[in-house]
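Remarks on the overall topology
So the chains spell out like this:
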Amino acid sequence: MGKLGKITRRAFLIGSVAIAGGVAFGVYKVRQEVPNPLDPAEGASLNAFLIIDQSGVTIVTGRAEMGQGAQTTLAALLAEELDVDWASVRLMHGPASAAYFNGALFEGAIGGADYKMADWQRSLGAALGGVGKLLGTQITGGSTSLRDGFERLRLAGASARETLKKAAADRLNVAVETLTTEGGQVIAPGGQRIAYADRGRNGRPHRSAGPVDPRPMSQWRLLRTALPRPDMPAKVTGTQAYGVDTRLPGMKFATVRMSPRLGGTMLRHDPAPAMAVPGVERVMDLGDGIAVIASNTWSAIQGAEAVTVEWDPAPYPATTEAIFDVLTAALDDSPNSTMRDDGDVDTVSGGTTIEAEYRLPYLAHATMEPMNATALHHGDRVEIWAPNQAPLVQRRGVAEALGIDPEAVTIHTTTMGGGFGRRLESDYSVLAARVAAQMQGTPVQVTWSREEDMTHDVYRPAVVARMRGTVDAGRAVMLDARIAGSALMGQAGTRMMGLPMAGPDRSVVEGAFDQPYAIPNYRVRGHVADLAIPVGFWRSVGSSHNGFIHESFIDEMAHAAGRDPLDFRLELARAESPTAAGVLEAVREMSGWDQPKAAGTGRGVAMTWSFGTPVAIVIEVRDEGGQIRIARAWLACDTGIAMDPGILSAQMEGGMIYGLSAAVHGQITFADGMVEQRNFPDYDALRIHTAPVTEIRLLETNPHMGGGGEPGTPPAAPALSNALFDLTGQRARHLPLADQFPLMV
């Protein structure tokens, strides 16, 4: 953020021809523009997305970089229109500002399945997106970054290009139509070139060229290519600075220790053992826990572990079994939602009916960089340096905790070592701010231990589902799903936005009610269980658990019908969505599905439509001397336009591996009200030698842009489970799979 301030203070656009009143390089299709948060102090005014100064072009995005490559592709959208050399572009995260509101988050607010959403519904969703300015939805999540930025950033780049041409035309006294742009320069008919950053003489102020239509796809030179990622050199060389690398003069280091019974309180504590640890300077009573301040993070963590603390009981059932009893009982209550109710499920007769119950555990996010934030409380203001996915959520949370005006809180968003939805929350920044408030004028970095991080997550909800389906003459004629889980939107939405969330909780049933299968009698009901365990957005949210439930049960129905599982799905998908059928056809061809399998191998398929994108996966497992290897994976997706095939392929593979890791190893369990898994030995992931050899195919037939960061996760677990059934004849109806099969680890 300090770097950002330096850039904006010296920024100019063709020097004295810089724009009086500001160049509108951002074009909003909403009624009221948001004030530009980058207004420099020395005359030239730029918009929220673009800074041009003597050292070149800086593209500013309001989306966080957590390894997914979002900043690279967002910058390419603007650079494509601006005509600059990609190698010269610099990227930067913008400040906390409503100017970076994410309107695409509201696409799902009008309900319904994405695959069959009408144009008027999409238009309504886009119109609702403007509400994000009021709610402060500067959020990186929901696989929406490119969908939100696709038009906005191209319009910003096109407007900037034409405004620069107008300024040059006045300077040269030529018609603007005679000018072109290339490589960050305006080119005149005689070959004269004016760099965008050149300081003009005797120039006069110019206003924006106004809205300019972006270029057609046929003229793209950056988009739809695998661009070099500007953040890669630093990451490869180990020089990338993450939140935990923040260093300020005179900084102290701290950690926290909060109740291991989530939401519980501290009864009493003895700080004396901590003060005996070398480097520990202070033990701070936070009321609901402690903070230990030291000269380094390791001493702080050692000191926190040494403190003797007594905690009160948990506000939820104390054991995993008792928690699942609450979830199961919720299935007998009235449903919170019936998001799909086609035909008449209750009158179906004849054929073969099967039933199954599925149970999925809580899951942690397990980011490589633990939760951390650095805070400085000086005067009546607070500054926070934090790896986060939602700066305005951080600002609101800190302000509320300290009882100050949100405008008195400055959030600096750092690069982060993984997010997966965990860093949408503000709890770690709030704790840092609370510690800093008692250390006026001294910056303090609060880093959670891995154990504190793992046992104080906002977990993916545990779920119980009862499925009933009927097949007749080889065809699916009925599917009835009842799914019980915590009200994720009610919890997380209220925490993040400070507003009550009422009505049907879509997260309980997404990934089940919205799948493109033509089953004539098809009902999906969601039941909300009242549990005080904190839950939050986990990569692909409700589709992550319902993808497993739905696609595992579709596989069971296929076998009950005596049908090939892929043919069975294709028949259901073709009648609903050619786009969904296309990804199934692709993995069929890629995997050689119709060819005989080698002895000792099994194959499974799954397809889930989530975040606007259908993804189909075929997994091949192989028995190697009694151990089962996840040998091969074939994934096909259709996001519409593949903006950057390299980044998109990496996201799909990464999402699949994340889903496979959770399926094989992931579970959070409780004993005496406390989480039992404390570190990676208790919460493992796939390793290089146990991950499948993977082939990715990107299709581009989807008429609407879909997301890329999350849709690779939901079909991973059921594809693997279905492959294990094909190999062993054993059907998995709960996770993790390593507890049921001799998987290679």
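One numbering rule holds for all chains: residues counted from 1, following each sequence as written. This being a predicted model, a pLDDT of at least 70 is required before a residue's local features are given, and a value of 80 or more before pairs of side-chain atoms are given or counted; all residues contribute to the totals for chains, interfaces and linings. With hydrogens and water stripped out, all remaining heavy atoms of the structure feed into the side-chain values.

**Notes on the overall build of the protein chain**
Definition in use: Under the DSSP-based scheme used, a helix requires at least four consecutive residues in state H or I and a strand at least two consecutive residues in state E, with every element numbered from the N terminus. We compute the radius of gyration over the C-alpha atoms and compare it with the globule rule, which gives 2.2 Å times the number of residues raised to the power 0.38. Burial here depends on accessible area, computed with a 1.4 Å probe over protein chains only, as a share of the maximum for the residue type. Under 20% is buried, over 50% is exposed, and the range in between is partly exposed. The contact criterion used throughout is that any non-hydrogen atoms of two residues lie within 4.5 Å. To measure how exposed things are, a 1.4 Å probe is used in the Shrake-Rupley method; for residues, cover is taken only from the protein chains shown.
A count of helical and extended segments in the protein chain gives 18 helices and 26 strands. Taking 745 residues into account, the globule formula puts the C-alpha radius of gyration at 27 Å, and the protein chain, at 27 Å, falls close to it. Evaluated residue by residue, the protein chain yields a buried proportion of 60% over its 745 residues. Pairs at least 24 residues apart make up 77% of the contacts formed inside the protein chain by residues separated by at least 6 positions. Of the roughly 27,400 Å² that the protein chain leaves accessible, carbon and sulfur atoms contribute 51%.

**Some words on a nonpolar patch on the surface**
The condition is simple: Candidates for patches are residues over 30% relative accessible area with no salt bridge; among them, like charges are joined within 9 Å and nonpolar side chains (Val, Leu, Ile, Met, Phe, Trp, Tyr) within 5 Å. The salt bridge definition used is simple: a Lys or Arg side-chain nitrogen within 4 Å of an Asp or Glu carboxyl oxygen.
Together, Val 131, Leu 134, Leu 135, Leu 499 and Met 501 make up a nonpolar patch on the protein surface, roughly 440 Å² of accessible area in all. The partly exposed category is assigned to Leu 135, whose relative accessible area is 34%.

**As for the sheet that holds strand β2 (residues 56-61)**
Threshold: In short, DSSP must find at least two bridges between two strands for them to pair. Axis lines are fitted to C-alpha atoms, over the contacting stretch for helices. Their N-to-C directions set the angle, which ranges from 0 to 180 degrees.
The strand order across the open sheet built from three strands is β1-β2-β3, with neighbouring strands paired in mixed fashion. A single partner strand is all that each edge strand has here, and the edge strands are β1 (50-53) and β3 (90-93). When strand polarity is set aside, the average angle formed by the axes of neighbouring strands in this sheet is 25°.

**A few points about empty space enclosed by the protein**
Just so we agree on the cut-off: A cavity here means a set of 1 Å grid points, computed over protein atoms only, where a 1.4 Å probe fits but cannot escape. A pocket is an open set with protein on both sides within 12 Å along at least 5 of 7 lines, and lining residues have an atom within 4 Å of a point. Grid points are joined across faces, edges and corners, and a volume is the space filled by probe spheres set on the points. Asp, Glu, Lys and Arg are counted as charged, while Ala, Val, Leu, Ile, Met, Phe, Trp, Tyr, Cys and Pro are counted as nonpolar; the rest, among them Gly, fall into the polar class.
Enumeration according to the criterion identifies three cavities of 30 Å³ or more in this entry. Considered as a void within the structure, the largest cavity measures approximately 90 Å³ in volume. Around the largest cavity, the lining residues are Phe 49, Thr 61, Gly 62, Arg 63, Leu 74, Tyr 100, Ser 145, Asp 148, Gly 149, Arg 152 and Leu 153. Ranked by the residues each element gives to the lining of the largest cavity, the list is headed by helix α5 (residues 145-172), at five residues. Looking at the lining of the largest cavity residue by residue, the class counts come to four nonpolar, four polar and three charged. When its volume is computed, the second largest cavity comes out at roughly 70 Å³. Lining the second largest cavity we find Leu 363, Arg 460, Trp 538, Ser 544, Gly 659, Ala 662, Ala 663, Thr 713, Pro 714, Ala 717 and Leu 735.

**What to know about the confidence of the model for the protein chain**
Here is the rule: A residue's pLDDT is simply how confident the predictor is in it, with values from 0 to 100.
Model confidence for the protein chain is summarised by a mean pLDDT of 92, while 93% of its residues fall at 70 or above. With pLDDT under 50 throughout, residues 4-31 is counted as low confidence; its partners more than four residues away or in other chains account for 100 contacts.

**As for unusual backbone geometry**
Of the consecutive residues Leu 735 and Pro 736, the connecting peptide bond is found in the cis state with omega at 10°. For Pro 736, the position within the fold is in the segment after α18 (716-728). Even without a glycine there, the phi angle at Phe 420 is positive, about 60°. Within the fold, Phe 420 resides in the loop between β16 (409-413) and α11 (427-437). Phe 420 sits in the partly exposed class, given a relative accessible area of 25%.

**Details of the pairing of β2**
Quick reminder of the rule: Orient the strands so they point away from the viewer; a crossover is then right-handed if the path from the first strand over the helix to the second runs clockwise.
Among the six residues that make up β2, six are buried, leaving the element largely enclosed by the rest of the structure. Hairpin connection of β1 to β2: two residues between the antiparallel strands. Of the pairings in the sheet, the one linking β2 to β3 comprises four bridges and is parallel in character. Bridge pairing in β3 places Thr 61 opposite His 93. You can see the chain leave β2, run along helix α2 (residues 70-82) and come back into β3, and the turn it takes is right-handed.

**What to know about the packing of aromatic side chains**
The cut-off we apply is this: Any pair of Phe, Tyr and Trp rings, taking the six-membered ring for Trp, is counted once the centres come within 6.5 Å. Such a pair is stacked with planes under 30 degrees apart, edge-to-face with planes over 60 apart, and tilted for the rest.
The final tally for this structure, using the stated rule, is eight aromatic pairs. Their ring planes at 75° and their centres at 5.8 Å tell us that Tyr 362 and Phe 670 sit as a pair that is edge-to-face. A residue pair is termed long-range when its members are at least 10 positions apart, and Tyr 362 in the loop between β13 (352-360) and β14 (372-378) and Phe 670 in strand β24 (residues 670-671) qualify at 308 residues. Using a relative accessible area of 2% as the deciding quantity, one classes Tyr 362 as buried. A relative accessible area of 3% means that Phe 670 is categorised as buried. Ring centres of Trp 538 and Tyr 658 lie 5.0 Å apart, and the angle between their planes is 35°; on these two criteria the pair is classed as tilted. Residue Trp 538 is found in the loop between β20 (521-528) and α14 (541-560), and its partner Tyr 658 is found in helix α17 (residues 645-665); the two are separated by 120 residues along the sequence. By the burial criterion, Trp 538 is buried, and Tyr 658 matches it. These aromatic residues form a ring-pair network of at least three members: Tyr 316, Tyr 362 and Phe 670.

**A word on the sheet that holds strand β23 (residues 627-638)**
Ordered in space as β21-β22-β23-β26, the four strands form an open sheet in which the pairing is mixed. Each edge of the open sheet is held by one strand with a lone partner, namely β21 (601-610) and β26 (693-699). Taken over all neighbouring pairs, the strand axes of this sheet differ in orientation by 15° on average, direction set aside. Sheet analysis places strand β22 (residues 613-624) next to β23, joined by ten bridges and oriented antiparallel. Looking across to β23, one finds that Glu 620 is bridged to Arg 632. The strands touched by α17 within the sheet are β22, β23 and β26, with β26 carrying the most contacts at an inclination of about 130°. Together, β21, β22 and β23 form the strand contacts of α18, whose direction differs from that of β21 by roughly 155°.

**Some remarks on the nonpolar core**
What counts, and what does not: For this analysis, a nonpolar core means a set of buried residues of the types Ala, Val, Leu, Ile, Met, Phe, Trp, Tyr and Cys, connected via side-chain atoms within 4.5 Å.
Of all hydrophobic cores here, the largest spans 79 residues; its most connected members are Leu 479, Met 557, Phe 568, Ile 619, Leu 720 and Leu 737. Excluding residues within four positions of it along the chain, Leu 737 makes contact with Ala 663, Val 664, Leu 720, Ser 721, Leu 724, Ala 732 and Leu 743. Ile 51, Tyr 100, Leu 179 and Trp 220 belong to the second-largest nonpolar core, a separate cluster that totals 41 residues.

**Focus: the packing of α2 against α5**
Convention followed: We call two directions roughly parallel when the angle between them is under 35 degrees, roughly antiparallel when it is over 145, roughly perpendicular when it lies between 65 and 115, and oblique otherwise. Handedness of a helix crossing follows the sense of rotation of the near helix relative to the far helix, less than a right angle counterclockwise being left-handed and clockwise being right-handed.
Where α2 meets α5, the closest approach of the two axes is 6 Å, and the angle between their N-to-C directions is 30°. Between α2 and α5, the interaxial angle falls into the category roughly parallel. As for how α2 packs across α5, the hand of that crossing is right-handed. Across the interface between the two elements, Ala 70, Thr 73, Leu 74, Leu 77, Leu 78, Glu 81 and Leu 82 from α2 touch Ser 145, Leu 146, Gly 149, Phe 150, Leu 153, Arg 154, Ala 156, Gly 157, Ala 158, Ala 160, Arg 161 and Leu 164 from α5. When its residues are assigned to classes, the contact of α2 with α5 shows twelve nonpolar, four polar and three charged.

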